[in-house]
Structures are given as structure tokens and as C-alpha cells.
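One-letter residues, chain by chain:
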Amino acid sequence: ISQHAIQRCSQWRCYASASSAGLSQDKITERVMTVIKLFEKISAEKLTIESHFMKELGLDSLDHVELLMAIEDEFGFEIPDQDAEKLNKPSDIIKYLCEKMEVDYK
Amino acid sequence: MSSAGGTLIRQAVKEAKPVFSATSEDARRRVLNLYRAWFRQLPYIIREYDVPLTLPMCRRKLRENFEKYRQVNDIRVIDLLVAKGQMELVETAHMWKQKTHVMDYFKQTVTPKPTDFLGKFFDGKEP
């Protein structure tokens, strides 16, 4: 009986580390830039990693919200409001995602 | 005399009691969260109500409804608009509405005035 109980009670908790999931800063960068390029309100020529969404790419706040929602859907977790306000460039987004997913940011 | 008048004037100018949000930052967050909630609900609305709409059409309509109130700056008015939008979202999401209510968002409310001669004639205006 005790054997049975031990087998039933044992829980395996695996926290996947970022490296095991195959994430690196380059992969994150690639995914983020793909998502942003698919956004039709942004012209691909003006887009660089440092281009500001509102000032250079001409997005307004609702467009910014839509873009962040696309990134939330891509990476699978919610970005809270106070963090979302600060993410104004693709490089900010990449840095934030690296911090959240515990990938080394260079 | 003048001091009594002064205190009366100071009492008369009070701050309006806030509805939900105290600052415009708060109100902005509420608006953006409402937009997010509607945006996420749109695919389910299309599927559940079986409306003859596409997702881009719905998104444009959502954006249009938000742009209608872009110029509003009064925090209490913004809060009330957000509350009304939230109520609409709850009613739509719970399926308390019907297909016609959802299609009502796409109803034209202003009939365009006729410009050509026949249009004006049928309308009763003298040319």
C-alpha cells in the first residue's frame, strides 16, 4: 500500500529552462521582427530594431496595443499594462522578453 | 465682506468627484484594456453569432467606434464611455444579444443626401 501511495504522490515538476526550449536572443529577435513585419500598418522599409513605433513608424496607441497583443499571442504570456507602456521600440520588446524568459541579453 | 465673498468663491469651486479613475493615466489604461478585451473577443463573436462579417471588417468597426471618441479629454466622460463599452462587451460575450444586435453596429445612421437631379427630384427638393 505504501508503495502505491508513493507512486501516486510523486509529482514530477519540470521547469524548462530557456536553453532547453531552444530560445536564444537571436531566435527571439527573429520571432519579434516577423510578428512586427506581419503587422500591415507598418511599412517594412522603415522598420529597424531601433525604430520608435509612435514617432518613426507613425503608430497610434491603439495600434501599439494591437501589436503587443500579437506578440503576447506569439510568445504565449500576458504583458501587464505598466510594462506595456514602456515598450516603444522593437529593441525594448526584445529586451523585455529576454528578461521574462530568462534568456541572456547582450 | 470681501473675505467672506472670497471664502464663498473658494467653496464654490470644488473638484468633481471621480467616477472610476483619478488621473488621465488611469483612464487611458481603462480604455486600452477595453480595446484589448473587445479585440480578443471578436473572433468568438463572429463564430457564435454566425454574422456575415469578416475579422478585418469587425476590427475596422471596433477601431472606428474608438476613434469616434478620440477627442474626449474629460476623465469622467471617458470613464462613463468605458463603462458603457464594457457593458456592451459583457452582453455580447454572454450571448444575451442576438444576431441583429451585433449587425446593428454596422448600420448606417446617416442617409446620404442625393446629389444628382433625379435623386433630388424624388426627395422633393426643387432643382
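Scroll up for the structure.
Heads up: these notes are all about the structure in this document. Model, not experiment: these values are computed from the prediction.

## A few points about the overall build of chain B
Secondary structure summary: chain B contains 6 helices and 0 strands in total. Here chain B, with 127 residues, has 23% of them falling under the buried criterion. Across chain B, contacts joining residues at least 24 apart in sequence account for 68% of those joining residues at least 6 apart. Accessible area of chain B: about 9,800 Å², with a carbon and sulfur share of 58%.

## Observations concerning the pattern of salt bridges
Here the structure, examined in full by the defined rule, presents 15 salt bridges over all chains. Notably, a salt bridge pairs Arg63(B) with Asp63(A), separated by 2.6 Å at the nearest N-O pair. One end of the pair, Arg63(B), is in helix H3 (residues 55-67); the other, Asp63(A), is in helix H3 (residues 61-75), on a second chain. Taken individually, Arg63(B) and Asp63(A) each receive the classification buried, so the pair is uniform in this respect. With its nearest N and O atoms 3.6 Å apart, the salt bridge here joins Arg40(B) to Glu78(A). Here Arg40(B), found in helix H2 (residues 24-49), pairs with Glu78(A), found in the loop between H3 and helix H4 (81-84), and the two come from separate chains.

## Observations concerning the side chain of Gln25(A)
Here Gln25(A) shows up in helix H2 (residues 25-38). With residues up to four places along the chain from it excluded, the contact list for Gln25(A) reads Ile94(A), Cys98(A), Val103(A), Asp104(A), Tyr105(A) and Lys106(A).

## Observations concerning the environment of Asp123(B)
On the secondary structure map, Asp123(B) appears in helix H6 (residues 117-123). Separated by 101 residues in sequence, Asp123(B) and Ala22(B) place their C-alpha atoms 51 Å apart.

## With respect to the interface of chain A and chain B
Residue-level contacts link 16 residues of chain A with 13 residues of chain B. Both faces considered, chain A and chain B share a buried interface measuring about 1,400 Å² in area, 47% of it formed by carbon and sulfur atoms. Sorting the residues of chain A by area buried against chain B places Leu62(A), Met69(A) and Asp81(A) first, and these three jointly supply 41% of that buried surface. Where chain A touches chain B, the interface holds 10 salt bridges. Taking the shortest distance from any N to any O, the salt bridge between Asp60(A) and Arg63(B) comes out at 3.5 Å. Counting across the chain A and chain B interface gives 11 residue pairs in polar contact (both at pLDDT 80 or more). Going through the elements one at a time, H3 and H4 of chain A are the ones with two or more residues in the side of chain A that touches chain B. With 8 residues, H3(A) is the largest single contributor of residues to the side of chain A that touches chain B. A breakdown of the residues in the side of chain A that touches chain B according to their chemical character gives 5 nonpolar, 2 polar and 9 charged.

Reading the values: rules and limits
- Residues numbered from 1 in each chain as written.
- Chains lettered and ligands numbered in written order.
- Predicted model: local features only at pLDDT ≥ 70, side-chain atom pairs only at ≥ 80, totals over all residues.
- Heavy atoms only, no water.
- Helix = DSSP H or I, 4+ residues; strand = E, 2+ residues; numbered from the N terminus.
- Buried < 20%, exposed > 50% of the residue type's maximum accessible area, 1.4 Å probe, protein only.
- Contact = heavy atoms within 4.5 Å.
- Areas by Shrake-Rupley, 256 points an atom, 1.4 Å probe, with all protein chains shown as cover.
- Salt bridge = Lys/Arg side-chain N within 4 Å of Asp/Glu carboxyl O.
- Buried area = accessible area lost by both parts, 1.4 Å probe.
- Polar contact = N/O pair within 3.5 Å; in protein donor to acceptor, adjacent residues only side chain to side chain.
- Nonpolar A, V, L, I, M, F, W, Y, C, P; charged D, E, K, R; others polar.

These values are about where atoms sit, not about what they do.
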